[in-house]
Amino acid sequence: MAEKHAFSFQPLLFALLGALFCFLIVQGNELNFCTTEGCNLYHDMTVAGISMWWIGLASFAVLACLALLAPPAFGRFVSGLMLFGDCGLLTLMSITAPCVNCLMVAVLFALTYRAFRKAQAQAHAKTLRTSLLLCLWGILFCINAGTVVRSELGSWAISGNEDARVHLYFSPSCPHCRDALQFYAGSVETAFYPIKDDADDIYRIHAMEQALAQGLNIEEALRAAQNAQKWESWLHLHPQILLLNLRLLRNKAHVFLAGSHGVPFLEYHGLPSLVSKELRKMRRQSQAAEQKPEPAPAPTLTPQGLPPELLVPEASQCTGATPCP
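Caption draft 1: Structural context of the pattern of salt bridges. Applying the stated criterion to the full structure yields four salt bridges. We note a salt bridge from Arg-204 to Asp-198, for which the minimum N-O separation is 3.7 Å. Put simply, Asp-201 and Arg-204 hold a salt bridge, and the shortest N to O gap is 3.0 Å. Separated by three residues within a single helix, Asp-201 and Arg-204 lie in helix H8 (residues 201-213), roughly one turn from each other. Residue classification places Arg-204 among the buried residues on the basis of a relative accessible area of 16%. Among the charged side chains, a network of salt bridges with common partners joins Asp-198, Asp-201 and Arg-204.

Caption draft 2: Local environment of the side chain of Glu-267. Along the chain, Glu-267 turns up in strand E6 (residues 265-268). Buried within the structure, Glu-267 lacks any salt-bridge partner; its nearest side chain of opposite charge belongs to Arg-150, at an N-O separation of 11 Å. A distance of 2.6 Å separates polar atoms of two side chains, one belonging to Glu-267 and the other to His-254. Contact partners of Glu-267, with chain neighbours within four places excluded, come to Arg-165, Val-166, His-167, Tyr-169 and His-254.

Caption draft 3: Examining the environment of Val-263 more closely. Structurally, Val-263 can be placed in strand E5 (residues 262-263). When the C-alpha atoms of Val-263 and Pro-194 are compared, they prove to be 9.8 Å apart, with 69 residues separating the residues in sequence.

Caption draft 4: How the structure looks around the sheet that holds strand E4 (residues 190-194). Pairing is mixed in the open sheet, where three strands are placed in the order E4-E3-E6. Each having just a single partner strand, E4 and E6 make up the two edges of the open sheet. Pairs of neighbouring strands in the sheet enclose a mean axial angle of 15°, with direction left out of account. Pairing geometry for strand E3 (residues 166-170) and E6, over four bridges, is antiparallel. By the bridge assignment, Val-166 is partnered in E6 with Tyr-268. Contacts from helix H7 (residues 175-184) reach E3, E4 and E6 within the one sheet, and its direction differs from that of E3 by about 150°.

Caption draft 5: Highlighting the nonpolar core. If you look at the biggest cluster of nonpolar residues, it comprises 40 residues, and the most contacted ones within it are Trp-53, Phe-60, Leu-63, Leu-83 and Met-93. At the level of secondary structure, the elements contributing two or more residues to this core comprise helix H1 (9-26), helix H2 (37-43), helix H3 (52-69), helix H4 (72-95), helix H5 (100-123) and helix H6 (132-153). When residues in this core are grouped by element, the largest group, ten residues, is from H5. Setting aside chain neighbours within four positions, we find Trp-53 in contact with Phe-21, Cys-22, Ile-25, Val-26, Tyr-42, His-43, Asn-101, Cys-102 and Val-105. With 35 residues, the next largest nonpolar core counts Trp-156, Ile-202, Ile-205 and Val-263 among its residues.

Calculation notes
- Residues numbered from 1 in each chain as written.
- Predicted model: local features only at pLDDT ≥ 70, side-chain atom pairs only at ≥ 80, totals over all residues.
- Heavy atoms only, no water.
- Salt bridge = Lys/Arg side-chain N within 4 Å of Asp/Glu carboxyl O.
- Helix = DSSP H or I, 4+ residues; strand = E, 2+ residues; numbered from the N terminus.
- Buried < 20%, exposed > 50% of the residue type's maximum accessible area, 1.4 Å probe, protein only.
- Lys, Arg positive; Asp, Glu negative; His and termini not counted.
- Polar contact = N/O pair within 3.5 Å; in protein donor to acceptor, adjacent residues only side chain to side chain.
- Contact = heavy atoms within 4.5 Å.
- Pairing = 2+ DSSP bridges.
- Axes fitted to C-alpha atoms, helices over the stretch in contact; angles between N-to-C directions.
- Core = buried A, V, L, I, M, F, W, Y, C linked by side-chain atoms within 4.5 Å.

In structure tokens, the structure reads:
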């Protein structure tokens, strides 16, 4: 018996929702769902000079027409091809950066494909079976969703604004960290991220939290927390302590993922102020030398183009191979 060209309501609904969502993105009416770096990365992405969102809009429009005019089997085949192509995009995002808007479109593609499969099964009075394509899509989607969750949680700053230009990851038990924290303590452009480098750091960091809540600055809080008292072992199961351990674990994971296995760990957003000052000093010296009848000797630079005093032969950092003294 030939398959009926029946109207498929569910595929039409999901296809229209997908087309509407892509249209809103194309028109610049962005829904405030996308907050990851992948959103900026893929917002202006084009294929053969055509915006990816226009391609998505056209794809959903085709699926909507198929839901109205074509048999479910043909709609299933076309939507399956589109979902397989979306799996390629999910793979690309999994190795770069996920985009929340793209993930929402991916969900609508998957729902449309599943609705076509369901419509075909109902037309032939058959049971809907497991789809390997949907399983593959689900695995890739979960990978990207997990990355989004991790990026949204991010690192935890015990003091300072997370948008600061300098991020200092430190352990209260590390003497090099104490030196770095003392240097940056007065900077409003620095955020401080604690790391649990040994078992007793949890007591010191908790004591630092309490000291900061009482109005002490970050340097005073660190100094006051050095003799923090240990608490009973059962208190480690307290929700507040469990949350603190999770935050410290996220901070340590950030340091490890950045390729460092020791503290202090510094992140600069932009050109470090020390380098800027030294470069301005070099320009003034160069201008003064040009005004003299005899040229002054050129400043000595390293292969990286910086004065040698800005570079040190070895970083002062506590690692597993080089423990703190």
